[in-house]
Amino acid sequence: CDPHQTHGHLPLWYPFVERVVQRLRDRGRPLVFLAFADVAVSTLMRAGICPGVNGRVACYAGPHPAQADALLEQDNVLLLCNAHLIRHGAEPVAW
């Protein structure tokens, strides 16, 4: 990993992002996180959000968008996101 990230951005932003994610999760409303790449997944996991569906909260993880072939081989996460929101009585996102 880039030292600029591991010694600068990540330690600075992890606590802030973790707290924001926790606050959103704790509202109890339907919520979906889209995590592309390992750093995004690990950030969400530090905040208690694991990939998959846990009640009203879903986390769809995938490869970094720069790995387009791997990303396109997966189910469409935008459709999965909207299906989760609708299933829990929320409005879908107009992507």
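Every value quoted in this text rests on a predicted model; they were computed, and no experiment measured them. By convention here, each chain's residues receive numbers from 1 onward along its written sequence. Where local features are concerned, this predicted model is filtered to residues with pLDDT of at least 70; where side-chain atom pairs are given and counted, the filter is 80 or more; whole-chain, interface and lining totals use all residues. The basis for the side-chain values is all heavy atoms of the structure; hydrogens and waters are excluded.

## Describing the overall build of the protein chain
- Secondary structure summary: the protein chain contains four helices and three strands in total.
- Ordered by position in the sequence, the α and β elements of the protein chain form the string α-β-α-β-β-α-α.
- Each principal axis of the C-alpha atoms in the protein chain carries an extent, and together these give about 40 × 35 × 20 Å.
- For the protein chain, the residues scored as buried account for 27% of the 95 residues in total.
- We call two residues in contact when some of their heavy atoms are within 4.5 Å. Of the contacts made within the protein chain by residues no fewer than 6 positions apart, 60% connect residues no fewer than 24 positions apart.
- Using the Shrake-Rupley algorithm and a 1.4 Å probe, accessible areas are obtained, with residue cover drawn only from the displayed protein chains. Of the roughly 6,400 Å² that the protein chain leaves accessible, carbon and sulfur atoms contribute 58%.
- Note that His is not counted, nor are the chain ends; the positive residues are Lys and Arg, and the negative ones are Asp and Glu. Charge positions come from single atoms, namely NZ of Lys, CZ of Arg, CG of Asp or CD of Glu. Between the centroid of the 8 positive side chains of the protein chain and the centroid of its 8 negative side chains there is a distance of 17 Å. Secondary structure counts use DSSP, requiring at least four H or I residues in a row for a helix and at least two E residues in a row for a strand, with both numbered from the N terminus. A 1.4 Å probe rolled over the protein chains alone gives each residue an accessible area, and that area as a share of the maximum for its type sets the label: buried under 20%, exposed over 50%, partly exposed in between.

## Regarding the side chain of Asn 82
- Within the element layout of this structure, Asn 82 appears in helix H4 (residues 77-87).
- Setting aside residues up to four positions removed in sequence, Asn 82 forms contacts with Pro 92, Val 93 and Trp 95.

## Structural notes on the side chain of His 84
- For His 84, the location among the structural elements is in helix H4.
- Judged by relative accessible area, which is 0%, His 84 ranks as buried.
- Setting aside chain neighbours within four positions, we find His 84 in contact with Leu 31, Val 32, Val 53, Gly 55, Arg 56, Val 57, Ala 58 and Tyr 60.

## What about the pattern of salt bridges?
- The salt bridge criterion pairs a side-chain nitrogen of Lys or Arg with a carboxyl oxygen of Asp or Glu, the two atoms within 4 Å. Across all of its chains, the model carries two salt bridges by this definition.
- Put simply, Arg 46 and Glu 18 hold a salt bridge, and the shortest N to O gap is 2.8 Å. One end of the pair, Arg 46, is in helix H2 (residues 38-46); the other, Glu 18, is in helix H1 (residues 3-26), with 28 residues separating them in the sequence.
- Looking at Glu 18, the relative accessible area reads 15%, which means it is buried.
- For Arg 25, the salt bridge identified is with Asp 26, shortest N-O distance 3.0 Å.
- Its relative accessible area of 27% is what places Arg 25 among the partly exposed residues.
- A relative accessible area of 52% means that Asp 26 is categorised as exposed.

## Details of H2
- Taken together, the buried positions of H2 are occupied by Val 41, Thr 43 and Leu 44. Taken down its axis, H2 places every buried residue within 160° of arc, on the same side.
- Just downstream of H2, Gly 48 is the residue with a positive phi angle, here 90°. The arc under discussion is defined with respect to the helix axis, by the directions toward the C-beta atoms.

## Here we look at the packing of aromatic side chains
- For this analysis, a ring pair means two rings from Phe, Tyr or Trp (six-membered ring only for Trp) whose centres lie within 6.5 Å, classed as stacked if their planes differ by under 30 degrees, edge-to-face if by over 60, and tilted for the remaining angles. Applying the stated rule across the entire model yields one aromatic pair.
- Centroid distance Trp 13 to Phe 16: 5.5 Å. Interplanar angle 75°. Geometry classified as edge-to-face. Here the residue Trp 13 and the residue Phe 16 both occupy positions in helix H1, the gap between them amounting to three residues, near one helical turn.
- Classification of Phe 16 by relative accessible area gives partly exposed; the value is 49%.
- By definition, being over a ring means that NZ of Lys or CZ of Arg is both within 6 Å of the ring centre and within 35 degrees of the ring normal. Sitting over the ring of Tyr 14, Arg 46 keeps its end group 4.0 Å from the ring centre.

Limitation: the analysis is restricted to geometry and does not speak to function.
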